[in-house]
Amino acid sequence: MFRIGTFVLHLFQKGVEAEKRAISLLSKLRNELQTDKPVTPLEDELPDAALWNQHLDYQRNLSNGNGEPSWFQSPWLYVECYMYRRIQAALAQNPPIDNFDVFNEGKVQNFFESQEAVIALCTYFQELLKNIKDLDEKQLQEELFKLLQVSLWGNKCDLSFSAGEGSSQKSSPLLSLENLIPYILVNDMEKLWSLLVNAKKRNAEESNVRVDIILDNAGFELVTDFVLADFLLSSKLADEVHFHGKSIPWYVSDTTKRDFNWTIKQLQSANHMWMSRCGINWEGNLKKGVWVYRDHMFWTLPHDFSSMAEVAPDLYADLQKSSLLLFKGDLNYRKLTGDKKWEYTVPFHQALNKFRPAPLCSLRTLKSDTQVGLKPGQGEQIQASEPEWMISGKYGVVQFAAAL
Ligand SMILES: O=P(O)(O)OC[C@@]1(O)O[C@H](CO)[C@@H](O)[C@@H]1O
Ligand SMILES: [Mn+2]
């Protein structure tokens, strides 16, 4: 008894010490950020540290003698990613809290606050599954378009954007789709449909049609991605879905492996028939290997995707095996386009800067000031009446680019 007591006390003390160390590293970080200090090399032993430090050298060369890269001077994408990586460093160096996800609470809350919308979506989907075999092509196309839009608007529910406030989905996502159509600035859903139908015909007997979803946020958005992925399999438009998540907590609400598994478990054990049916099916998909979860450190590096072939050739080669890559969310869009201030009318493929391992499509609500592929005058016209259009999350794109 005495021994157990001493052991518990020892563990508790270790935990308190680790917490203190983490808090002190985090306040150091806050101070550096607030006072525009130079970006410093990472000193931890995490596997990506060397790549980050190489990238710091690259940023130094970019600044071309105009001082050290620093919080207010360097590109936003770079320092923002660096901040999340430093948060990770503060925890990862401090067992027993090295696996602690500082954003977990917010993600869990978002999921529970979206309960009603999750129920509405799972119920709709299970009803759809009952007669999916009898749907003709036109009807299948309509359902695909609906679920693509649900997944697109699911991207409004992101915690880094709303500073953790009010980012859940309260009502049925299906009811408002019609009214939201005018807010889809680029709508390439028809192209996705023809790609999938043709891939299916081509691959009827031989190889697999694989769709990859490069995930964004946990919570309601993740459930919309699961439903879309299930539809792709159940409609036989695809044979396999590969999900790509983040290997460390990222941009507050991004999906990690733990969020991914937790969400499926929550659905499974929910006290609602259709929610739990979804959870059970999805767990089954993972067991059968028709759903695959992957993470790769590249997704949490500051690099834009045009450098993937060089920085993470293994990931690039893996994505080349896919028939279609669906990139969810705003941060992925920024990385697809290099986060540059492009003219609105620049073609998407140009902004991708040769990043096209496979046909790809971005499903993104606009929360940052990068947008390409618009019609002449389209951006300017919205700008005139809604100065916040690029950062409000009110507009979205379903933007497609064929493979090279
Ligand atoms: O990728 P997501 O979840 O759609 O959005 C991430 C985001 O909220 O984070 C950044 C602000 O910190 C912006 O790029 C973007 O608006
Ligand atoms: Mn996100």
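- If you look the protein chain up in an unreviewed UniProt entry, it shows as Sugar phosphate phosphatase from Columba livia.
- The record held by UniProt for the protein chain lists under Sequence similarities (unreviewed entry) the comment "Belongs to the damage-control phosphatase family. Sugar phosphate phosphatase III subfamily."

### A look at the overall build of the protein chain
Piece 1. Looking only at helices and strands, the protein chain features 16 helices and seven strands.
Piece 2. The C-alpha radius of gyration computed for the protein chain amounts to 22 Å, which stays within 12% of the reference 22 Å derived for 404 residues, consistent with globular compactness.
Piece 3. If one aligns the C-alpha atoms of the protein chain with their principal axes, the spans along those axes are about 65 × 65 × 45 Å.
Piece 4. Considering only residue pairs separated by 6 or more positions, the protein chain has 80% of its internal contacts joining residues 24 or more positions apart.
Piece 5. Accessible surface, the protein chain: about 18,900 Å² in total, of which carbon and sulfur atoms supply 54%.
Piece 6. Distance between charge centres in the protein chain, computed from 43 positive and 51 negative side chains, equals 3 Å.

### Here we look at the coordination of the manganese ion (ligand 2)
Piece 1. For the manganese ion (ligand 2), the full set of protein donor atoms is Asp 216 (OD), Asn 217 (OD1) and Asp 254 (OD), at a range of 2.1 to 2.3 Å.
Piece 2. On the primary sequence, the residues serving as donors to the manganese ion (ligand 2) are separated as D-N-x36-D. One end of the pair, Asn 217, is in the loop between β2 (210–214) and α9 (220–234); the other, Asp 254, is in the loop between β3 (240–245) and α10 (257–268), and 37 residues separate them in sequence. Asp 254 matches Asn 217 in its accessibility class, with the two residues each being buried.

### Description of a positive patch on the surface
Piece 1. On the surface, a cluster of positive charge is made up of Lys 133, Lys 200, Lys 201 and Lys 236.
Piece 2. By the element assignment, Lys 236 lies in the loop between α9 and β3.

### Brief notes about the sheet that holds β3
Strand pairs in the sheet, formed through backbone hydrogen bonds, run parallel or antiparallel to each other.
Piece 1. Here seven strands make up an open sheet; going across it, the order is β1-β7-β6-β5-β2-β3-β4 and the pairing mixed. Of all strands in the sheet, those with a lone pairing partner are β1 (184–187) and β4 (291–295), marking the two edges. Put simply, the sheet's adjacent strands are angled 15° from each other on average, direction ignored.
Piece 2. Relative to strand β5 (residues 324–328), β2 runs parallel, the two sharing four bridges. Bridge pairing in β5 links Asp 212 to Leu 325.
Piece 3. With respect to the sheet, helix α8 (residues 189–202) is in contact with β1, β2, β5, β6 (360–365) and β7 (396–401), its orientation differing from that of β7 by roughly 40°.

### Thoughts on unusual backbone geometry
Piece 1. Following Pro 95, the chain continues to Pro 96 via a peptide bond in cis, the omega torsion being 10°.
Piece 2. Considering the arrangement of structural elements, one finds Pro 96 in the loop between α3 (76–92) and α4 (104–113).
Piece 3. You will see that Tyr 251, though not glycine, has its phi angle at about 45°, which is positive.
Piece 4. Topologically, Tyr 251 is positioned in the loop between β3 and α10.

What counts and how
- Residues numbered from 1 in each chain as written.
- Chains lettered and ligands numbered in written order.
- Predicted model: local features only at pLDDT ≥ 70, side-chain atom pairs only at ≥ 80, totals over all residues.
- Heavy atoms only, no water.
- UniProt positions renumbered as here; feature names shortened; annotations may be inferred.
- Helix = DSSP H or I, 4+ residues; strand = E, 2+ residues; numbered from the N terminus.
- Rg over C-alpha atoms; globule rule 2.2 N^0.38 Å.
- Contact = heavy atoms within 4.5 Å.
- Areas by Shrake-Rupley, 256 points an atom, 1.4 Å probe, with all protein chains shown as cover.
- Lys, Arg positive; Asp, Glu negative; His and termini not counted.
- Charge placed at Lys NZ, Arg CZ, Asp CG, Glu CD.
- Donors = N, O, S within 2.8 Å, 3.2 Å for Na, K, Ca; no water.
- Buried < 20%, exposed > 50% of the residue type's maximum accessible area, 1.4 Å probe, protein only.
- Patch = residues over 30% accessible without salt bridge, like charges linked within 9 Å, V, L, I, M, F, W, Y side chains within 5 Å.
- Salt bridge = Lys/Arg side-chain N within 4 Å of Asp/Glu carboxyl O.
- Pairing = 2+ DSSP bridges.
- Axes fitted to C-alpha atoms, helices over the stretch in contact; angles between N-to-C directions.

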